[in-house]
Each structure stands twice: as structure tokens, then as C-alpha cells.
Amino acid sequence: MFNKKIKKLIGVMGIAAFIGGTFGNTMPTYAANVTDTWYEVNVKSSSGTFAQVDPRDKHNNSKVYVNISESPYKYVHVRVYGNRNGLFYHNETVGTTATVQRGVASSITNNCYEHKEEGASIVLTKVGFRSGSSVTGTVKGVWSPDSTKNYTIVN
């Protein structure tokens, strides 16, 4: 009787392991895209357009990380753009525009991942910069579409 119960238990555990191995891996998982990418853009005045960097894959709903090492003015206006449907980029910055201070590691709240095309596991994301004043020039630094933690939240 005892051996029968053990055999039955082992059989049930085997079936559970098979089902878990077969169906448990059907959903792909993606690691966050947290590698810093260097950028250098020439920015217009605070009334001008945003100079945008090359897009990257965004894998989750975390904030976008930006760290400005060089800029013509202490503050820089930043926007996060997401490619919802494969055709156009939309400003997905919560509050429309974030103001980032040079030298301060910053997190920008956005809705890129939340507004991605239905069924998509990632969305293309990029950031755009313009001066926080009438002074124009070059903005340099690093950015990442995903983040493992919150830095200074700027919006």
C-alpha cells in the first residue's frame, strides 16, 4: 500500500514537471535593456525642436535613465518618444517634457511600454533634447531605455 502511494506521487510529480517544462516556457521573457548608450546632439533653444538620438528597444515599464554630462545650460528639456505602431514616434513623457539638470542621474516617467502595439513584447524608444534656455550647443551623456532603479525622478 505504501509503495503504491509513493509510485502514484512520483507519477503525479513527473507529469507536473513535464507540463511545467512544456508549457511554462511558452512566454518569452526579456531582460531589461539597461546598458548605457553614449549620445551627443546639438540642441536648439528652449523654443526649438528636440534633437533625438537613435532608438533602442524598451523591454519593460520602468523609467528611462538619462545622465547629461555636458550641456550649454544647466538645465535641459528632455522628452521620451515611443514607437506605438511601427510607423510614428509619439511623445510618451508623463507631463509632456521633463527638465533634467546637468550632472544629475535622472529617471524620466513615460508610457512607451504601456502604449506599445498590442501583442508586442518590446517597443522602440528614443529620447530628445533641447536647451533649457535661449543658449544652444552640444548635449552629451548616456541614456538607457530601461532602468533597474529610480534615480532623481524629474517628472
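Residues numbered from 1 in each chain as written. Predicted model: local features only at pLDDT ≥ 70, side-chain atom pairs only at ≥ 80, totals over all residues. Heavy atoms only, no water.

How should the overall build of the chain be read in this particular structure?
Along its length, the chain carries 1 helix and 11 strands. Counting from the amino terminus, the chain carries its helices and strands in the arrangement α-β-β-β-β-β-β-β-β-β-β-β. In the chain, which comprises 155 residues, the share counted as buried stands at 35%. Contacts spanning at least 24 positions in sequence make up 80% of the contacts within the chain whose residues lie at least 6 apart. Summing over all exposed atoms, the chain offers an accessible surface of approximately 9,100 Å²; the carbon and sulfur share of this is 54%. (Helix = DSSP H or I, 4+ residues; strand = E, 2+ residues; numbered from the N terminus. Buried < 20%, exposed > 50% of the residue type's maximum accessible area, 1.4 Å probe, protein only. Contact = heavy atoms within 4.5 Å. Areas by Shrake-Rupley, 256 points an atom, 1.4 Å probe, with all protein chains shown as cover.)

Any chance you could explain the packing of aromatic side chains here in plain terms?
Under the defined criterion, the tally for this structure stands at 3 aromatic pairs. Consider the rings of Tyr39 and Phe129, whose centres lie 4.6 Å apart with planes at 20°: the pair is stacked. A residue pair is termed long-range when its members are at least 10 positions apart, and Tyr39 in strand S1 (residues 37-43) and Phe129 in strand S9 (residues 123-131) qualify at 90 residues. When its relative accessible area of 0% is taken as the criterion, Phe129 is described as buried. With 6.4 Å between their ring centres and 55° between their planes, Tyr73 and Tyr75 make a pair best called tilted. (Phe/Tyr/Trp six-rings, centres within 6.5 Å; stacked < 30°, edge-to-face > 60°.)

For this particular structure, what's the right way to read the environment of Tyr89?
With respect to the element layout, Tyr89 can be found in strand S6 (residues 89-91). Here the alpha-carbon distance between Tyr89 and Thr125, two residues 36 residues apart in the chain, equals 8.1 Å. Ignoring sequence-local partners within four residues, the contact set of Tyr89 consists of Pro55, Tyr81, Gly82, Asn83, Leu124 and Lys126.

Would you mind showing me how to read the side chain of Lys58 here?
Within the element layout of this structure, Lys58 appears in strand S3 (residues 56-58). A relative accessible area of 0% means that Lys58 is categorised as buried. A polar side-chain atom of Lys58 sits 2.7 Å from the main-chain carbonyl oxygen of Ser62. At 3.0 Å, the side chain of Lys58 forms a polar contact with the side chain of Asp146. In contact with Lys58, not counting residues within four places along its chain, are Lys63, Val64, Asn110, Cys112, Tyr113, Ile122, Val123, Thr125, Pro145 and Asp146. (Polar contact = N/O pair within 3.5 Å; in protein donor to acceptor, adjacent residues only side chain to side chain.)

What is the right way to read the sheet that holds strand S8 (residues 106-108) from this model?
Strand-to-strand pairing in sheets goes through backbone hydrogen bonds, with the strands running parallel or antiparallel. Read across the sheet, 5 strands follow the order S1-S10-S4-S8-S11 without closing on themselves; strand pairing throughout is mixed. Looking at strand neighbours, the two that pair on one side only are S1 and strand S11 (152-153), the edges of this open sheet. Direction of pairing for S8 relative to S11: parallel, over a ladder of 2 bridges. When the bridges of S11 are listed, Ser107 appears paired with Ile153. (Pairing = 2+ DSSP bridges.)

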